[in-house]
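Residues per chain are reported as follows:
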Amino acid sequence: KSNQEQTKDLIIVLLTHFDQWKSVEPYCEKKMKEGFEVRISATPYLISGFLHNALDVKIEGEESAGGLSFEVYNYEQLKELNPAEIVITNPFDQYGETEIVDPSFFTTELKKITSKLIYISPYDLDEEADDDLFKKSLVHLVMSPGVMNADEVYVQSQSMKDKYLEILNLAFERDAEK
């Protein structure tokens, strides 16, 4: 068998923080019922300073998640595994305010080694918030590389999905007008 055939039913879930498991658990359970093998791994990230200089490399992990084993893969190992899907929870790549994903885990790199890149938002946002800071933060989130490069995006509710789509439509309308 080729590597592609061996891993066509493999999903790798990349977490920067283990508490993000709760946001991806329903998706993982659904996929396992469909016959997929799901593996959980850490996304290495850098804590950034005021000027976005890397201060420390972090890899967070736990022993298990929902009965699934937790493994740490580097990019080359992920490439070898050739998963059908990669699920991410950190959409910011190099644009995070306090954390920067390891460059080998940027979404542009992950898209090269999977058929489907999925972003599942770990954020439980106040859907009623309407202040300028919330709007600016939401635009930063929606226009992040993880959302823009994902083949599928999952958010907390239909209301939040509508907000994402509104922001994307405005952004692309402006681009089309140029």
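From a predicted model like this one, the values you see are computed outputs, not experimental measurements. The written sequence of each chain sets the order in which its residues are numbered from 1. Only residues with pLDDT of 70 or above have their local features reported here, since the model is predicted, and side-chain atom pairs are shown and tallied only from 80 upward, although totals for entire chains, interfaces and linings are computed over all residues. In computing side-chain values, all of the structure's heavy atoms are included and hydrogens and water are not.

Peer 1: Summarise the nonpolar core; cite the residues concerned and give the values.
Peer 2: Leu-14, Leu-78, Leu-110, Leu-138 and Tyr-164 are the most contacted members of the largest nonpolar core, which has 28 residues in total. Secondary-structure elements contributing two or more residues to this core are β1 (10-15), α3 (75-81), β7 (85-88), β9 (116-120), α5 (132-142) and α7 (158-177). Residue contacts are defined here by distance: any two heavy atoms, one from each residue, within 4.5 Å place the two residues in contact. Other than its neighbours up to four places away in sequence, Leu-78 contacts Ile-12, Leu-14, Tyr-73, Pro-83, Phe-105, Leu-110 and Ile-113. For our purposes a nonpolar core is just a set of buried Ala, Val, Leu, Ile, Met, Phe, Trp, Tyr and Cys residues, chained together by side-chain atoms within 4.5 Å. Remark: exposure states derive from per-residue accessible area (1.4 Å probe, protein chains only) relative to the maximum for the residue type, with buried under 20%, exposed over 50%, and partly exposed in between. Membership of the second largest hydrophobic core comes to 17 residues, among which are Phe-18, Ile-40, Phe-70 and Ile-118. A run of H or I in DSSP becomes a helix once it reaches four residues, and a run of E becomes a strand once it reaches two; helices and strands are each numbered from the N terminus.

Peer 1: Just give me the short version of α5, but keep the residues and values in it.
Peer 2: Among all positions in α5, only Phe-134, Leu-138, Leu-141 and Val-142 are buried. When α5 is viewed along its axis, its buried side chains cluster within an angular range of 90° and face the same direction. Pointing more than 90 degrees away from the buried face of α5 are the exposed residues Asp-132, Leu-133 and Lys-136. The N-terminus of α5 is capped by Asp-131, whose side-chain oxygen sits 3.1 Å from the backbone nitrogen of Leu-133. When we speak of the arc, we mean the arc of directions from the helix axis to the C-beta atoms. Polar contact is defined as a pair of N or O atoms within 3.5 Å, subject to the rule that within protein one atom must be able to donate a hydrogen and the other to accept it, and that residues adjacent in sequence are counted only when both atoms are side-chain atoms.

Peer 1: Describe helix α2 (residues 21-33), naming the residues involved and giving the relevant values.
Peer 2: Because the α-helix completes a turn every 3.6 residues, residues three or four places apart line up on one side. Each residue after the first adds 1.5 Å to the expected span of a helix. Counted at 1.5 Å a residue, the expected span for α2 with its 13 residues is 18 Å, and the 18 Å between its end C-alpha atoms agrees. Throughout, the bend at a residue refers to the angle made by two axes, fitted to the seven residues ending there and to the seven starting there. Maximum bend of α2: about 25°, positioned at Tyr-27. Those residues of α2 that fall on the buried side of the exposure criterion are Trp-21, Val-24, Tyr-27, Cys-28 and Lys-31. Where α2 ends, the next residue or the one after it, Gly-35, has phi of about 100°, a positive value.

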